[in-house]
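Listed below are the residues making up each chain.
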Amino acid sequence: MLNDEICKLRDKLNKSIEQGDDYSNTYKLSVELDELIAKYYKELNPGKKKLAWI
């Protein structure tokens, strides 16, 4: 389920931040998480207008 993927990736991102991983890796995880969240909301509200930033 998409929600589970979001939770796993969020945990991965948090660990990356806590451990002080390389910025590029943390940034990559953050972008992936943003994309999953956008996908989640698209599926949640399929009839809504597309937002400019999604």
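Everything numeric in this text was worked out from a predicted model, so none of it was measured. (Residues numbered from 1 in each chain as written. Predicted model: local features only at pLDDT ≥ 70, side-chain atom pairs only at ≥ 80, totals over all residues. Heavy atoms only, no water.)

Right, let's get into helix H1 (residues 2-19). An ideal rise of 1.5 Å per residue puts 26 Å on 18 residues; H1 measures up with 26 Å between its terminal C-alpha atoms. Along H1, the residues that are buried comprise Leu-2, Ile-6, Leu-9, Leu-13 and Ser-16. Projected down its long axis, H1 shows its buried positions confined to an angular sector of 90 degrees, all on one face. Every exposed residue of H1 that faces more than 90 degrees away from the buried side is listed here: Lys-8, Lys-15, Glu-18 and Gln-19. Taken together, the buried residues of H1 touch helix H2 (23-44). (Helix = DSSP H or I, 4+ residues; strand = E, 2+ residues; numbered from the N terminus. Expected span 1.5 Å × (residues − 1). Buried < 20%, exposed > 50% of the residue type's maximum accessible area, 1.4 Å probe, protein only. Arc of directions from axis to C-beta. Contact = heavy atoms within 4.5 Å.)

What follows deals with the pattern of salt bridges. With the rule as written, the count across this model stands at one salt bridge. Of the charged contacts in the structure, one is a salt bridge between Lys-28 and Glu-32, with a shortest N-O distance of 3.1 Å. Of the two residues, Lys-28 and Glu-32 are both situated in helix H2; the distance of four residues between them amounts to about one turn of the helix. For Glu-32, a relative accessible area of 29% puts it in the partly exposed group. (Salt bridge = Lys/Arg side-chain N within 4 Å of Asp/Glu carboxyl O.)

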